Amino acid sequence: MASDALVTVAVCYGYPAAATVQSALEAEGVPVTVVGGGFASLDWHMLPALGGIEIRTSAGDAERARARLAGETPPLRESRAFWAAPIRNALAFSLVLYIAGVVVPF
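Residues numbered from 1 in each chain as written. Predicted model: local features only at pLDDT ≥ 70, side-chain atom pairs only at ≥ 80, totals over all residues. Heavy atoms only, no water.

Visitor: An account of the nonpolar core is requested, with residue identities and associated values reported.
Guide: Core analysis: the largest hydrophobic core is formed by 14 residues, its most contacted members being Val9, Val21, Leu25 and Ile55. Listing elements by their share of this core, those giving two or more residues are β1 (6–12), α1 (15–27), β3 (53–58) and α4 (62–69). For Leu25, the residues in contact, after removing those within four places along its chain, are Val9, Val30, Val32, Ile55, Ala65, Arg68 and Leu69. (Core = buried A, V, L, I, M, F, W, Y, C linked by side-chain atoms within 4.5 Å. Buried < 20%, exposed > 50% of the residue type's maximum accessible area, 1.4 Å probe, protein only. Helix = DSSP H or I, 4+ residues; strand = E, 2+ residues; numbered from the N terminus. Contact = heavy atoms within 4.5 Å.)

Printed below as a string of structure tokens:
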């Protein structure tokens, strides 16, 4: 009966983070339940007050889930794609702003 109880293994304060955690755990074969994910799309600014989005799993899978979440994460890399052709990319960005109707003060 104890393994049927749901245990919170992570709390996220944004839907993208919660979806990433859910995906990582499900890729390891750990079934998860997301509690509070609906608030992320409706009242995202209230997430800290509501306790965030909880990622829950059964008590039997909790240790495996925590071990997976405690693992090393790959370091973030800065994209060098913009600086490969900065003038072209700046002109393309300006064109997108112009088409969207955004007033650029220059």
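Now that the structure is up, let's keep going.
Visitor: Requested: an account of the sheet that holds β3, with residues and values cited.
Guide: Here 3 strands make up an open sheet; going across it, the order is β1-β3-β2 and the pairing antiparallel. Strands with a single pairing partner mark the edges of an open sheet, and in this sheet they are β1 and β2 (33–35). Each adjacent strand pair in this sheet contributes to an overall mean axis angle of 30°, direction not counted. Where β1 lies against β3, 6 bridges are found, and the strand directions are antiparallel. Pairing of Ala10 across the sheet is with Ile55, part of β3. (Pairing = 2+ DSSP bridges. Axes fitted to C-alpha atoms, helices over the stretch in contact; angles between N-to-C directions.)

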